[in-house]
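Residue-level listing of the chains:
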Amino acid sequence: MKSYIVKKVNHTFRWCDIEVGKVNVYNWKEFQGYDPEAEFQMVHDDNNVFLRLTAHNDYNINQCTDVNQFVCNDSCMEAFFNLPGMVKSAYFNFEFNANGVIFLGWGESRENRITVDPAIIKKYITIMAYGNDIPATQRGEWSLTVIINKELFPAITGHEFTSGECGGNFYKCGERAISHFISWDEIIMDHPDFHRPECFGKLIFE
């Protein structure tokens, strides 16, 4: 199991000072023909969780334009995690295409989930996209900076955000170019499935 320390920062932090987590585990050999590189960084302060997702050498193919469309088929990166102090089987799935369009769900499994109200998403989440003007026929780099106000979590779960240990995993995927399913921590499964909380790595919020 991998682990990542989510540092507590102040408003003057620099991403260049933050640990990079590599999303580079190809869990299923039949999907190893496409080789983008991807990484994540994550920090938090008293009010927000900050997430940076970066893809290199990726086709920028995006069709989704509205909140909670299935961005997983586009040029996509995802962050799944549960919360410190809560039942570990309930987790969030934050999914983004390269244009910064988000899908957000919460629940205990793939089948037992809710899709979060777009009004809540727009109130508590800010997304900034960079490099998303790459022509669809070329490979390049794109990244997102996501600011998640911690009030999002009690608005959905009824529980305040606290520091501590929880589980999570980070993914690079997409099917509109060449199907690929890459993760930060290994997924023990015979077919592609990111909704495997039992395969989450460890996130430690300072």
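Just above sits the structure.
Summary of the structure given here. (Residues numbered from 1 in each chain as written. Predicted model: local features only at pLDDT ≥ 70, side-chain atom pairs only at ≥ 80, totals over all residues. Heavy atoms only, no water.)

Overview of the overall build of the protein chain
When helices and strands are tallied, the protein chain shows two helices and 14 strands. Taking 2.2 N^0.38 as the reference for a compact globule, 206 residues should give roughly 17 Å; the C-alpha atoms of the protein chain span a radius of gyration of 16 Å, in line with that estimate. Taken along its principal axes, the extent of the C-alpha atoms in the protein chain is 45 × 35 × 35 Å. Residue burial in the protein chain is summarised as follows: out of 206 residues, 51% are buried. (Helix = DSSP H or I, 4+ residues; strand = E, 2+ residues; numbered from the N terminus. Rg over C-alpha atoms; globule rule 2.2 N^0.38 Å. Buried < 20%, exposed > 50% of the residue type's maximum accessible area, 1.4 Å probe, protein only.)

Re empty space enclosed by the protein
Think of a ball as big as a water molecule: rolled over the atoms, this probe shows where empty space is left. Summed over all chains, the structure comprises one cavity of 30 Å³ or more. D74, S75, G174, A177 and H180 are the residues nearest the centre of the largest cavity, which is lined by 14 residues in total. Elements supplying a minimum of two residues to the lining of the largest cavity: β5 (48-59) and β12 (164-174). Partitioned by chemical class, the residues of the lining of the largest cavity number six nonpolar, four polar and four charged. (1 Å grid on protein atoms, 1.4 Å probe; cavity = no way out; pocket = protein on both sides within 12 Å on 5 of 7 lines; lining within 4 Å. Points joined across faces, edges and corners; volume = space filled by probe spheres on them. Nonpolar A, V, L, I, M, F, W, Y, C, P; charged D, E, K, R; others polar.)

So, the environment of I114
Assignment of secondary structure puts I114 in strand β9 (residues 113-115). Since its relative accessible area comes to 44%, I114 is described here as partly exposed. Discounting residues that sit within four places of it in the chain, I114 has contacts with L104, G105, W106 and I156. (Contact = heavy atoms within 4.5 Å.)

Points about the packing of aromatic side chains
Per the stated rule, a full pass over the model turns up 23 aromatic pairs. Ring geometry for F31 against F181: centres 4.9 Å apart, planes inclined by 85°, an arrangement best described as edge-to-face. Of the two residues, F31 sits in the loop between β3 (25-26) and β4 (37-44) while F181 sits in strand β13 (residues 180-183), which places them 150 residues apart along the sequence. You can call F31 partly exposed: its relative accessible area is 23%. Ring centres of Y91 and F200 lie 5.5 Å apart, and the angle between their planes is 85°; this geometry places the pair in the edge-to-face category. Remark: F200 occurs in the loop between β13 and β14 (201-205) and Y91 occurs in strand β7 (residues 91-97); sequence separation between them is 109 residues. Pair check on accessibility: Y91 and F200 agree, each one buried. Within the aromatic cluster, the residues linked to one another by ring pairs are W28, F31, F80, Y91, Y171, F181, F194 and F200. If you follow R113 out to its NZ or CZ, it ends over the ring of Y91, 4.1 Å from the centre. (Phe/Tyr/Trp six-rings, centres within 6.5 Å; stacked < 30°, edge-to-face > 60°. Lys NZ or Arg CZ within 6 Å of the ring centre and 35° of its normal.)

Digging into the pattern of salt bridges
Applying the stated rule across the entire model yields ten salt bridges. Between K7 and E206 there is a salt bridge; the shortest N-O distance is 3.9 Å. Placement of the pair is K7 in strand β1 (residues 3-8) and E206 in the segment after β14, with a sequence separation of 199 residues. Given a relative accessible area of 38%, K7 falls into the partly exposed group. Each of R110, D193, R196 and E198 takes part in salt bridges that share partners, so that together they form one network. (Salt bridge = Lys/Arg side-chain N within 4 Å of Asp/Glu carboxyl O.)

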